[in-house]
Amino acid sequence: MPVARRETSDCRVIGHVDMDCFYVQVEQRKEPKLRGVPTAVVQYNSYKGGGLIAVSYEARAHGVKRSMRGDEAKEACPQIQLVQVPVARGKADLNTYRNAGSEVVFILSRKGRCERASIDEVYLDLTDAAEAMFMETPPESMEYIEEEVTKSHVVGLQCEDGNDPKEEVRKWLCRSDASYQDKLLACASFIIADLRMQVLKETEFTCSAGIAHNKMLAKLASAMNKPAQQTVVPHSSVAGLLESLPIKKMKQLGGKLGSSLQSDLGVNTVGDLLQFSEEKLQQRYGINTGTWLWNIARGISGEEVEGRLLPKSHGSGKTFPGPQALKTIGSVQHWINELCEELSERLHSDLEQNKRIAHTLTLHARAYKTGVSNSNRKFPSKSCPLRYGTVKIQEDALTLFQAALREFMGSYNCKTNWSENNNWGITSLSVSASKIVPIPSGMHSIVKYFGGQSPSGSSLNQPLDNVINEAVPPSSSGTENSLGLIPYELPVRYPEEDTAMKHSQDCLDQQDLLCNLSKKVDGLTEESSLMSPTGSGDKRKQSEQHRDSPAKKPSVVFNTSSLKAIEKRKREGKKLQGNCSITKFFNNYPNSRSSLEQKNITNAQGSQSASGSYLTSDRVETSGESYHDDIHTNIADYSAANVPHGRQAWSYNIDEIDPSIIRELPPEIQEEFQAWLQPQKRLNVVKRGSSITNYFLPNNSR
DNA sequence: ACGGATCGTACA
DNA sequence: TTGTACGAT
């Protein structure tokens, strides 16, 4: 439960942006024939036509709802188009939607602090931007107003019969006698409308938005007029809005707490909450939740927009309902391997693109037990330090599973053949990686070096598997890393280290080891630099790079495929500049394929083949008020600094490198090093080719 | 046979 | 810190 901070003033301007039926839009962009027709996205076709996870507004008009089965949807709307979620490794693969979400966040982060709330939702703190606009061009002084803004909705604004609602909205936005706070909200409405246009032009996605003086109200507002519209909540309208709002509509109150308020306190609307004293609510729901409830009843919410563009954890999971339940260790191991492979791939992408390392691996499962008395006991979740490398993650996850299963079965009769006996069944499995922290900037070169290769599974990534590798899962054999290397003194200093890496010793050890090996490996490349056209001429020191960018200037690195898609659409968008209405936008897109649409298909395929992530070097810097954290800022600045291609130059003497390090590696790893170096170069060359070359790159999916 | 796959937070 | 419960989409 979020804790409202009383000391925070409500003189802020917050926006909430919500993509409209996002997965559907992603599929419609890929297949423009689906535009304008009832469409839904389903996963798992086999059972009753699969489960719907996104429904277009045309389909909603026919009564189709999320959580329906594909068959039901067909029943309600026979002409509905059902698109399947991509499948990889026998499970749903949401990567295309994640990447599409990144495109949007990238654009929205231009105008202020930006928090990625979910794959398709973003909060923006527009206070500064709105104040700046007010100083420069206050709304009452504006002579021309873009049409899109006039289609905003203003909560509580009365529109008498016969009046043009657009004109009423324009008058409200430009009212000279409005309060300062409402004028800021008006400014933010202009800014958000502009951002939404940018999103549309550069991604072809529509979204809805809410503008208010805190997150809670902005979120509420963004859902009030969908799709492709925006809603602003003036200060004077807050009480009236909340008074009749059903309590369950409020974020965080859609579940048991909301039900309890209804049944135990007779609270049906947010307004009903006003009768209760803060003490009463605290006594009933605890100190924090009580205060939080008291505040939201008054439209008060002190939650800050966090300034975080990346997810805090990655997970991969699958359910095995009913008959599909897993009953042998072998089948469990198979699925754990699949899930871990996906997770590992995403961890490598995160490392390469965002310079972050995850530190905890967790395994969750659901299970049933037959026959025995306490048959519906919870299957415990287990976690351990995360070691990078697909195989390591797979092994550790299996170990975690076995520990949990032992606990689940009880320690008594598990002595015999507990593993292969049929009195248990696993109905869901998931693995996740959390505690993801940025790595010190001094480490970036090794990431760049290792990061450019294809992800999990292949032997190509084995070197990295063993580089970041110190922590040991429960009941594992030893504490030495698999290379048998002893970390020694770091060649460079990391000022951020104290703050960023003080969680646990194993973090530091990982950094040491990573640096240690990277140094050696770099020596190897240096010797074989004939093959490396990417040898960096950029010998600037870190301090010089920092001088280039202000300390508080945040920058973010995005995945290459997303960026390419954005840049491409941006160019195309220039041709459409004259059209400033979101609802009119798609009138430029006939149902048959235009040349633009054809390009989009190309883009989509390019993205897919690039998702394997051997395209590493194209990075883009974006700025705005973002990270509140110095470490983030430093890291981001560094990673976005001018490093055109290939690895970063090293700041220490090559002669100091001990060449014997390679011989210390296990023989098979040595071989993999060599095997790995070759395709690395080849891919880098291909990467710089045209998009046509890209088009023919081998697909990375299995 | 549960809307599934993922995320996030508060709390013990 | 780990593990659980809950909530959202």
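Conventions we followed
Residues numbered from 1 in each chain as written. Chains lettered and ligands numbered in written order. Predicted model: local features only at pLDDT ≥ 70, side-chain atom pairs only at ≥ 80, totals over all residues. Heavy atoms only, no water. Core = buried A, V, L, I, M, F, W, Y, C linked by side-chain atoms within 4.5 Å. Buried < 20%, exposed > 50% of the residue type's maximum accessible area, 1.4 Å probe, protein only. Helix = DSSP H or I, 4+ residues; strand = E, 2+ residues; numbered from the N terminus. Domains from an automatic or database assignment. Contact = heavy atoms within 4.5 Å. Pairing = 2+ DSSP bridges. Near = heavy atom within 4 Å. Polar contact = N/O pair within 3.5 Å; in protein donor to acceptor, adjacent residues only side chain to side chain. Nonpolar A, V, L, I, M, F, W, Y, C, P; charged D, E, K, R; others polar. Disulfide = S-S within 2.5 Å. pLDDT = per-residue confidence, 0-100. Arc of directions from axis to C-beta. Axes fitted to C-alpha atoms, helices over the stretch in contact; angles between N-to-C directions. Salt bridge = Lys/Arg side-chain N within 4 Å of Asp/Glu carboxyl O. Parallel < 35°, antiparallel > 145°, perpendicular 65-115°, else oblique. Phe/Tyr/Trp six-rings, centres within 6.5 Å; stacked < 30°, edge-to-face > 60°. Lys NZ or Arg CZ within 6 Å of the ring centre and 35° of its normal.

Notes on the nonpolar core
Line of reasoning, step 1. Counting 52 residues, the largest nonpolar core has Val13, Leu108, Leu124, Leu173 and Phe205 as its most contacted members.
Line of reasoning, step 2. Elements with a contribution of two residues or more to this core: strand S1 (14-19), helix H1 (22-30), helix H4 (95-108), strand S8 (121-125), helix H5 (127-136), helix H7 (165-173), helix H8 (180-203) and strand S10 (207-212).
Line of reasoning, step 3. Counting residues per element, this core draws most heavily on H8, which supplies eleven residues.
Line of reasoning, step 4. Lining this core are residues from two domains, each supplying at least three of them: domain 1 (1-17 + 98-309) and domain 2 (22-96).
Line of reasoning, step 5. Beyond its immediate chain neighbours, meaning those up to four positions away, Val13 contacts Leu124, Asp125, Leu126, Thr127, Ala130, Leu184, Leu185, Ala188, Ile211 and Ala212.
Line of reasoning, step 6. Counting residues in hydrophobic clusters, the runner-up holds 37 residues, among them Leu351, Cys384, Phe401 and Ile439.

Some thoughts on the pairing of strand S13 (residues 356-369)
Line of reasoning, step 1. In terms of burial, S13 is largely enclosed, as eleven of its 14 residues are buried.
Line of reasoning, step 2. Summarising the sheet, S13 and strand S15 (residues 424-438) pair through 13 bridges and their orientation is antiparallel. In the strand pairing of S15, Arg366 is matched with Ser428.

Looking at the protein's contact with DNA strand C
Line of reasoning, step 1. In the vicinity of DNA strand C lie 17 residues, with Lys219, Lys256, Ser381, Ser383 and Lys435 positioned nearest.
Line of reasoning, step 2. Within 4 Å of the protein, the contacting atoms of DNA strand C are 100% sugar and phosphate, with bases supplying the remainder.
Line of reasoning, step 3. Contact distances for DNA strand C include 3.4 Å between a phosphate oxygen and a backbone N or O atom of Leu253.
Line of reasoning, step 4. For DNA strand C, a phosphate oxygen lies 2.9 Å from a polar atom in the backbone of Leu257.
Line of reasoning, step 5. Counted by class, the surface near DNA strand C contains four nonpolar, five polar and eight charged residues.

Re the state of the cysteines
Line of reasoning, step 1. Summed over all chains, the structure comprises zero disulfides.
Line of reasoning, step 2. This cysteine, Cys187, is not joined by any disulfide, and Cys174 carries the nearest cysteine sulfur, 9.6 Å off.
Line of reasoning, step 3. Relative accessible area serves as the criterion here: at 0%, Cys187 is assigned to the buried category.

Regarding the confidence of the model for chain A
Line of reasoning, step 1. Per-residue confidence for chain A gives a mean pLDDT of 71; residues scoring 70 or more make up 60%.
Line of reasoning, step 2. For chain A, per-element mean pLDDT is lowest for helix H27 (residues 691-695), which scores 21, and highest for strand S9 (residues 153-154), which scores 98.
Line of reasoning, step 3. Ignoring residues within four places in sequence, the model shows residues 1-8, a span with pLDDT below 50, making 18 contacts including any to other chains.
Line of reasoning, step 4. Residue range residues 573-579 is modelled with pLDDT below 50. Its contacts to residues more than four positions away, or to other chains, number eleven contacts.

Overview of H7
Line of reasoning, step 1. Taken as a whole, H7 has its buried residues at Glu168, Val169, Trp172 and Leu173. Along the axis of H7, the buried residues cluster in a sector spanning 135 degrees; they form a single face.
Line of reasoning, step 2. Those residues of H7 hidden inside the fold are in contact with helix H6 (147-150), S9, H8 and strand S11 (230-232).
Line of reasoning, step 3. By the N-cap criterion, in which a side-chain oxygen at the helix start approaches the backbone nitrogen of a residue two or three places on, H7 is capped by Asp164, the distance to Lys166 being 3.2 Å.

A few points about the sheet that holds strand S2 (residues 39-43)
Line of reasoning, step 1. Pairing within the open sheet is mixed, and its three strands lie in the order S3-S2-S4. Sheet topology places strand S3 (51-55) and strand S4 (81-84) at the edges, where each strand pairs with a single neighbour. Averaged over all pairs of adjacent strands, the angle between their axes in this sheet comes to 35 degrees, without regard to strand direction.
Line of reasoning, step 2. Contacting S2, S3 and S4, H1 runs over the sheet at an angle of about 105 degrees to S2.

Some thoughts on the pattern of salt bridges
Line of reasoning, step 1. Going through the model one piece at a time under the given rule, you end up with 28 salt bridges.
Line of reasoning, step 2. Its salt-bridge partner being Lys219, residue Glu121 comes within 2.6 Å of it at the nearest N-O pair. With Glu121 in strand S8 and Lys219 in helix H9 (residues 215-222), this residue pair connects regions lying 98 residues apart in the sequence.
Line of reasoning, step 3. Residue classification places Glu121 among the buried positions, given a relative accessible area of 15%.
Line of reasoning, step 4. Overall, Lys219 belongs to the partly exposed group, its relative accessible area being 21%.
Line of reasoning, step 5. Between Asp264 and Arg284 there is a salt bridge, with the nearest N and O atoms lying 3.0 Å from each other. Note that Asp264 is positioned in helix H11 (residues 256-265) and Arg284 in helix H12 (residues 278-285), a separation of 20 residues in sequence.

Overview of the packing of H1 against H4
Line of reasoning, step 1. Across the interface, H1 lies against H4 with an axial gap of 10 Å and an inter-helix angle of 95 degrees. In terms of orientation, H1 and H4 fall into the roughly perpendicular class. Across the interface between the two elements, Phe22, Tyr23, Val26, Glu27 and Arg29 from H1 touch Tyr97, Ala100, Gly101 and Glu103 from H4.
Line of reasoning, step 2. Residues belonging to the contact of H1 with H4 are distributed by class as follows: five nonpolar, one polar and three charged.

Digging into the sheet that holds strand S7 (residues 113-118)
Line of reasoning, step 1. Reading across from one edge, S7-S8-S1-S10-S11-S9 is the order of the six strands in this open sheet, with mixed pairing throughout. The sheet is open, and its two borders are formed by S7 and S9, each paired with just one other strand.

A word on the packing of aromatic side chains
Line of reasoning, step 1. Taken as a whole, this structure holds seven aromatic pairs when the rule is applied.
Line of reasoning, step 2. Relative to Tyr97, the ring of Tyr23 lies with its centre 4.1 Å away and its plane at 10 degrees, an arrangement referred to as stacked. Of this pair, Tyr23 sits in helix H1 while Tyr97 is found in helix H4, placing the two residues 74 residues apart along the sequence.
Line of reasoning, step 3. Taken together, the ring pairs connect Phe379, Phe401, Phe408 and Trp424 into an aromatic cluster.
Line of reasoning, step 4. The ring of Tyr285 carries the charged tip of Arg284 above its face, separated from the ring centre by 5.7 Å.

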